[in-house]
Amino acid sequence: MHAAQIVIEEPPGQAHCLACGRTVSIDRHGDSRPVCASHWLHPTGGMELRVIDMKVRDD
């Protein structure tokens, strides 16, 4: 039997608000900006997915 473990790091989401011009943190795609309530957001970060560590055991 083979077992594997994958550790995945998900960076926080960031977007540029087209309404007020600020860079904001977002929890998920489609969220509005809390301060100005704009949905005009251009994603600028957090779309990456990085594998940090992977272990494979051969039992």
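Residues numbered from 1 in each chain as written. Predicted model: local features only at pLDDT ≥ 70, side-chain atom pairs only at ≥ 80, totals over all residues. Heavy atoms only, no water.

**Some remarks on the overall build of the protein chain**
1) Next: Scanning the protein chain from terminus to terminus reveals zero helices and five strands.
2) Next: Per-residue burial for the protein chain yields a buried fraction of 15% across its 59 residues.
3) Next: Across the protein chain, the fraction of contacts at a sequence separation of at least 24, relative to all contacts at a separation of at least 6, is 54%.
4) Next: Surface summary for the protein chain: the accessible area is close to 5,100 Å², and the carbon and sulfur share equals 52%. (Helix = DSSP H or I, 4+ residues; strand = E, 2+ residues; numbered from the N terminus. Buried < 20%, exposed > 50% of the residue type's maximum accessible area, 1.4 Å probe, protein only. Contact = heavy atoms within 4.5 Å. Areas by Shrake-Rupley, 256 points an atom, 1.4 Å probe, with all protein chains shown as cover.)

**A look at the environment of Met-47**
1) Next: With respect to the secondary-structure elements, Met-47 resides in the loop between β4 (41-45) and β5 (50-58).
2) Next: Residue classification places Met-47 among the exposed residues on the basis of a relative accessible area of 59%.
3) Next: It is 8.3 Å that separates the C-alpha atoms of Met-47 and Glu-10, two residues lying 37 residues apart in sequence.

**Some words on the nonpolar core**
1) Next: In terms of nonpolar packing, the biggest core is built from five residues, these being Ala-15, Cys-17, Val-24, Ile-26 and Leu-41.
2) Next: At the level of elements, β2 (13-17) and β3 (23-26) are the ones that each hand at least two residues to this core.
3) Next: In this structure Ile-26 touches Gly-13, Gln-14, Ala-15 and Leu-41, once residues within four positions along its chain are discounted. (Core = buried A, V, L, I, M, F, W, Y, C linked by side-chain atoms within 4.5 Å.)

**Things to note about the sheet that holds β3**
Two modes of strand pairing occur in sheets, parallel and antiparallel, and in both the strands are linked by backbone hydrogen bonds.
1) Next: Taken together, the three strands give an open sheet; going across it, the order is β3-β2-β4, and neighbouring strands pair in antiparallel fashion. For this open sheet the edge positions go to β3 and β4, each flanked by a neighbour on one side alone. Going from strand to strand, the sheet's axes swing by 40° on average, the running direction of each strand aside.
2) Next: As paired strands, β2 and β4 are joined by four bridges and run antiparallel to one another. Its bridge partner lying in β4, Gln-14 is registered against Gly-45. (Pairing = 2+ DSSP bridges. Axes fitted to C-alpha atoms, helices over the stretch in contact; angles between N-to-C directions.)

Keep in mind that these numbers describe shape and distance, not what the molecule does.
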